[in-house]
Amino acid sequence: MKTLTKQADILIIGGGAAGCYAAITLAEKHPGLSVILADKANIKRSGCLAAGVNALNAYITPGHTPMDYVRYAEKDAEGIVRGDLLLSLAEGFNRVTEKLEQLGLVILKNPDGSYRTRGNRNIKINGENIKPLLAEAATRSKNVMVLNHVNMVDYLQEDGAVSGAWGIDVREERMVFIAASAVICATGGAAGLYLPNHPGSSRHKMWYSPFNTGAGYAMGLRAGAEMTTFEMRFIALRCKGTIAPTGTLAQGIGAAQVNARGEAYQTAYGNTTSERLFAVVSENLAGRGPCYLKTSGITQEEQESLEKAYLNMAPAQTMRWCETKLEPRYYDVEVEGTEPYVVGGHTGSGYWVDEKRQTTLKGLFAAGDVAGGAPQKYVTGALVEGEIAADAAAEFAKDRKTPVLPAETVERKKEWAMHFLQGTSAGANVASRSCADTSPSMGAAAPGHLWPSEKLPVYDTDSLEDAMQQAMDEYAGGIKTSYRYTEAGLFQANAHIERIERLSDFLRARDFYGLMKIFELKDRLMVSRALIAHMSARKETRWHSFAENLDHPGKDAAYEKYVNSRLEDGKIKILFRPLVKEGDTA
Amino acid sequence: MSVFVEREKCVGCGGCTEVCPGNLLFLREGKAQIRDVRDCWGCTACVKECPKNAIFYYLAADLGGAGGRLYAEDTPSTLNWVMKWPDGSEERILVDKKKANEY
Ligand SMILES: Cc1cc2nc3c(=O)[nH]c(=O)nc-3n(C[C@H](O)[C@H](O)[C@H](O)COP(=O)(O)OP(=O)(O)OC[C@H]3O[C@@H](n4cnc5c(N)ncnc54)[C@H](O)[C@@H]3O)c2cc1C
Ligand code: SF4
Ligand code: SF4
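About the criteria used
Residues numbered from 1 in each chain as written. Chains lettered and ligands numbered in written order. Predicted model: local features only at pLDDT ≥ 70, side-chain atom pairs only at ≥ 80, totals over all residues. Heavy atoms only, no water. Helix = DSSP H or I, 4+ residues; strand = E, 2+ residues; numbered from the N terminus. Contact = heavy atoms within 4.5 Å. Areas by Shrake-Rupley, 256 points an atom, 1.4 Å probe, with all protein chains shown as cover. Lys, Arg positive; Asp, Glu negative; His and termini not counted. Charge placed at Lys NZ, Arg CZ, Asp CG, Glu CD. Phe/Tyr/Trp six-rings, centres within 6.5 Å; stacked < 30°, edge-to-face > 60°. Buried < 20%, exposed > 50% of the residue type's maximum accessible area, 1.4 Å probe, protein only. Pairing = 2+ DSSP bridges. Buried area = accessible area lost by both parts, 1.4 Å probe. Salt bridge = Lys/Arg side-chain N within 4 Å of Asp/Glu carboxyl O. Polar contact = N/O pair within 3.5 Å; in protein donor to acceptor, adjacent residues only side chain to side chain. Nonpolar A, V, L, I, M, F, W, Y, C, P; charged D, E, K, R; others polar. Near = heavy atom within 4 Å. Core = buried A, V, L, I, M, F, W, Y, C linked by side-chain atoms within 4.5 Å. Arc of directions from axis to C-beta. Axes fitted to C-alpha atoms, helices over the stretch in contact; angles between N-to-C directions. Parallel < 35°, antiparallel > 145°, perpendicular 65-115°, else oblique. Left-handed = near helix turned anticlockwise from the far one by under 90°.

Participant: How would you summarise the overall build of chain B if you had to cite specific residues and measurements?
Facilitator: Counting secondary structure elements, chain B contains two helices and seven strands. Secondary structure of chain B in N-to-C order comes out as β-α-β-β-α-β-β-β-β. Intrachain contacts of chain B at a sequence separation of at least 6 include 37% that bridge at least 24 residues. Accessible surface computed for chain B: about 4300 Å², of which carbon and sulfur atoms make up 52%. When the 14 positive and 15 negative side-chain charges of chain B are each reduced to one mean point, those points stand 4 Å apart.

Participant: Pulling in residues and values, what's your account of the packing of aromatic side chains?
Facilitator: Residue and element names in this part refer to chain A. For the structure on display, the rule yields 23 aromatic pairs over all chains. Taking the centre distance of 5.6 Å and the plane angle of 70 degrees together, the rings of Tyr69 and Tyr72 count as edge-to-face. Linking Tyr69 with Tyr72, this pair stays in helix H2 (residues 66–76), spanning three residues, or about one helical turn. With a relative accessible area of 2%, Tyr69 lands in the buried category. With a centroid separation of 6.3 Å and an interplanar angle of 85 degrees, the aromatic rings of Tyr265 and Tyr269 are classed as edge-to-face. Pair check on accessibility: Tyr265 and Tyr269 agree, each one buried. These aromatic residues form a ring-pair network of at least three members: Trp166, Phe177, Trp416, Phe420 and Phe519.

Participant: Talk me through the sheet that holds strand E12 (residues 237–239) of chain A; I want residue IDs and the actual numbers.
Facilitator: Residues and elements named next belong to chain A. Strand order in the open sheet formed by four strands is E12-E15-E14-E13, with antiparallel pairing between adjacent strands. Either end of the sheet is taken by a strand with one partner, and the two such strands are E12 and strand E13 (257–258). Bridging between E13 and strand E14 (residues 291–293) involves two bridges; their strand directions are antiparallel. By the bridge assignment for E14, Val258 is matched with Tyr292.

Participant: Got a sec to walk through the sheet that holds strand E16 (residues 350–351) of chain A? Specific residues and values, please.
Facilitator: Spatial ordering of the open sheet is given by E16-E11-E20-E21 (chain A), a layout of four strands whose pairing is antiparallel. Each edge of the open sheet is held by one strand with a lone partner, namely E16 and strand E21 (571–578) of chain A.

Participant: Break down the interface of chain B and chain A for me, citing the residues and quoting the values.
Facilitator: Across the boundary between the two partners, chain B contributes 53 residues, which contact 67 residues of chain A. Buried surface at the junction of chain B and chain A, both sides included, amounts to about 5100 Å², of which 56% is carbon and sulfur. Our count for the contact surface shared by chain B and chain A stands at seven salt bridges. Lys48 of chain B is the partner of Glu128 of chain A in a salt bridge, and the nearest nitrogen-oxygen pair spans 2.6 Å. Seen at the junction of chain B and chain A, the total is 25 residue pairs in polar contact (both at pLDDT 80 or more). Only helix H1 (15–19), strand E2 (25–28), helix H2 (45–49), strand E4 (55–58), strand E5 (69–74), strand E6 (78–84) and strand E7 (90–96) of chain B provide two or more residues apiece to the side of chain B that touches chain A. Its residues placed into classes, the side of chain B that touches chain A shows 27 nonpolar, ten polar and 16 charged.

Participant: Which residues make up the site of ligand 1, and what values go with them?
Facilitator: All names here are of chain A. Surveying the vicinity of ligand 1 reveals 32 residues, the closest of which are Asp39, Ser46, Asn54, Ala55 and Asp369. In this structure, a nitrogen atom belonging to ligand 1 sits 3.1 Å away from a main-chain N or O atom of Lys40. Between ligand 1 and the protein, one listed contact pairs an oxygen atom with a backbone N or O atom of Asn57 at 3.2 Å. Counting only elements with at least two residues in the shell around ligand 1, the list comes to helix H1 (17–29), strand E3 (53–56), strand E8 (150–158) and helix H11 (378–398).

Participant: Give me helix H3 (residues 83–90) of chain A: which residues, what numbers.
Facilitator: Working note: α-helix, 3.6 residues per turn, so residues spaced by three or four point in the same direction. Residue and element names in this part refer to chain A. The element H3 is largely enclosed, with a buried count of seven among its eight residues. Along H3, the residues classified as buried are Gly83, Asp84, Leu85, Leu86, Ser88, Leu89 and Ala90. Buried residues along H3 sit against H2, helix H4 (93–103) and H11.

Participant: I'd like a rundown of the nonpolar core, residues and numbers included.
Facilitator: Residue and element names in this part refer to chain A. Core analysis: the largest hydrophobic core is formed by 220 residues, its most contacted members being Ile10, Leu134, Tyr155, Leu249 and Tyr351. Broken down by element, the residue count for this core peaks at 15 residues, all from helix H16 (residues 512–537). Sequence-distant contacts of Leu134, defined by excluding residues within four places in its chain, comprise Ala17, Cys20, Tyr21, Ile24, Leu49, Leu100, Leu103 and Leu383.

Participant: Can you lay out H4 of chain A for me, pointing to particular residues and giving the numbers?
Facilitator: All names here are of chain A. Among all positions of H4, only Phe93, Val96, Thr97, Lys99, Leu100 and Leu103 are buried. Seen from one end, H4 has its buried residues packed into an arc of 160 degrees, which puts them on one side. Exposed residues lying more than 90 degrees from the buried face of H4 are Glu98 and Gln102. Looking at the residues trailing H4, positive phi occurs at Gly104, about 120 degrees.

Participant: Tell me what's going on with the packing of H2 of chain A against H3 of chain A, and back it up with residues and numbers.
Facilitator: Each packed pair of helices is defined by two parameters, the angle between the axes and the distance between the axes. Residue and element names in this part refer to chain A. Following both chains from N to C, one finds H2 and H3 inclined at 135 degrees, their axes separated by 9 Å at the closest point. Comparing the axis directions of H2 and H3 gives the class oblique. The interaxial crossing formed by H2 with H3 has right-handed handedness. Residues Pro66, Met67, Tyr69, Val70 and Ala73 of H2 touch H3, and the partners they reach there are Gly83, Leu86, Leu87 and Ala90. Of the residues in the contact of H2 with H3, the class split is eight nonpolar, one polar and no charged.

Participant: Just give me the short version of the site of ligand 2, but keep the residues and values in it.
Facilitator: Close contacts around ligand 2 come from Val3, Cys20, Pro21, Leu25, Cys40, Trp41, Gly42, Cys43, Thr44, Ala45 and Cys46 of chain B, and that covers them all. Looking at the shell around ligand 2, its residues break down into nine nonpolar, two polar and no charged.

Here's what the structure looks like:
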């Protein structure tokens, strides 16, 4: 099998918002360090920012302070936040915004040159090209080498510290080993754990990127890192069918939420992010759905502006308006909840980190959606966090000799990867074959295998993914149960996930794309298992819908603490930690 | 929700296969092809990247689609979105790259 072996002072895994900004920071402030940025796709359009964004959701507008932002996020999360982390992000929002403008991002201005605000915390932009701009700046950097199409699989560890990572190059069909003095994980959150809104021909039309599969969380868990607050799931309230963002309608043009009878119901439920979702869920259950954002009555001009705004971030919505002739000035826009995600940029889920964003593993730093404790982070927060992690990783790397990879480790990892290619045409001829097969995975009936059929696995990757999503949907609070769950149900969910994990070891891939799909499934299963343990541990309902525990329907002051976890001897171990306020250290 | 490659227009430049955030597109016999239409996120990165307008994006029937096709032409100052309807008619929306969203 072909391999690529590299060494660097710092390895960044994932070149999304946080990863690109970490690379830019390392280029500008630490040009003497060598950096490798590895992403599973091409960083030009990889991750959440692929289609573009509609606004910068986290900005300190005139008359407000970073502390105001901390208070807002704390209230929205019912107190379960890391004040120290939030404050350090809020203090940097405006700094990175200026940098984005320097890189070429178009920001809407007032006649006096100040940024035009949307509500208290947002500013308006043309976010269509935000990702190409960040990618260009990262790629330009002399000390940064970008490896596109390299999906990282696991960390390498040496002398009690993380010493690099290995992965697979999907394009070149080779294994990749990178030794590094410090590693920054910026792989984003986890989508695809639950059955999505449209499980058939549009199974990937989801809010969060279906290509962010929770790899960073899973790699961390497998290496022994501590995670926090997975149970605070994020469920987005979005435009029906297209899953396009609603902020443009709700905050942008001030559209109210109304039910099928035209009644504005929101005030009856409160106005936190989870309460806005819970309101829709409750109205539907009470027989007053569907629910809408009241856009009828807007002007033709406003409608045209909306059409353009959506083309810059979620083209499907404009397409739908034009195609169905359900123009928003005549017809209200229906809203629905998505399936649940684990995503640290919106809620508090992710690595447990210190103020410098070092995880509980020495030499491993985390930034963006993969890092926990700081909800409402959004793009600007991910950028600031990338910057903080880059500075800390640079500091750490300076004092460490670049680790070398033991040949025996390389051999062991190769064997592990080969195991999934065995018996297929890929396994027989991995190095010389050009990209050929169209189907990502192979089951018993798939052509191209060299083994007798009785030795082939019964299941393929897709069918195990379906099984996982169905178990999570039915027993762990998916769309089917209106996001509600019981502990007995969670027990069932866990049993299914463990069963599917065992089955996943028998999967076979016929090419490196199929191999990546197997690793993605394994990552999702790992994250699901941790998520279930977290949900079982918080015996209260602090956030409606996000964590609606039917056995404990009320809020309980005894749970004003973090639920954290670690993988020990293959089992998820839960631990609790006291709240950390701004000014404290964790 | 997915994309469709019009083989006769595709020149096999590899632009779309490079940018798909899910590695879903690849070249075969000099033409771009999608591995599985169900796996498309609908980000339209490939549509915007194609110099030949050879990829269009469509709303699948389960999302309320009505058979329309969405193409994009990337020019230095504007991004021109072209929607083609089943009756042969066409609609264009030009987005100025220097203008921010009003909402
Ligand atoms: C549809 C959508 C719209 C949004 N709109 C807005 C908005 O309008 N305003 C706003 O402020 N915020 C918005 N956000 C939030 C914002 O996009 C995220 O908070 C931000 O992108 C998070 O940055 P990140 O670097 O953590 O993740 P990402 O930007 O997603 O980057 C993660 C990267 O890791 C890579 N990766 C994943 N797994 C691996 C692996 N195993 N090996 C190698 N690489 C890997 C991915 O390819 C990706 O490039 C939106 C999010 C979504 C999903
Ligand atoms: S729309 Fe996006 S996800 Fe779909 S094929 Fe094109 S680049 Fe890939
Ligand atoms: S970008 Fe267009 S022309 Fe180039 S390979 Fe893709 S479909 Fe073909």
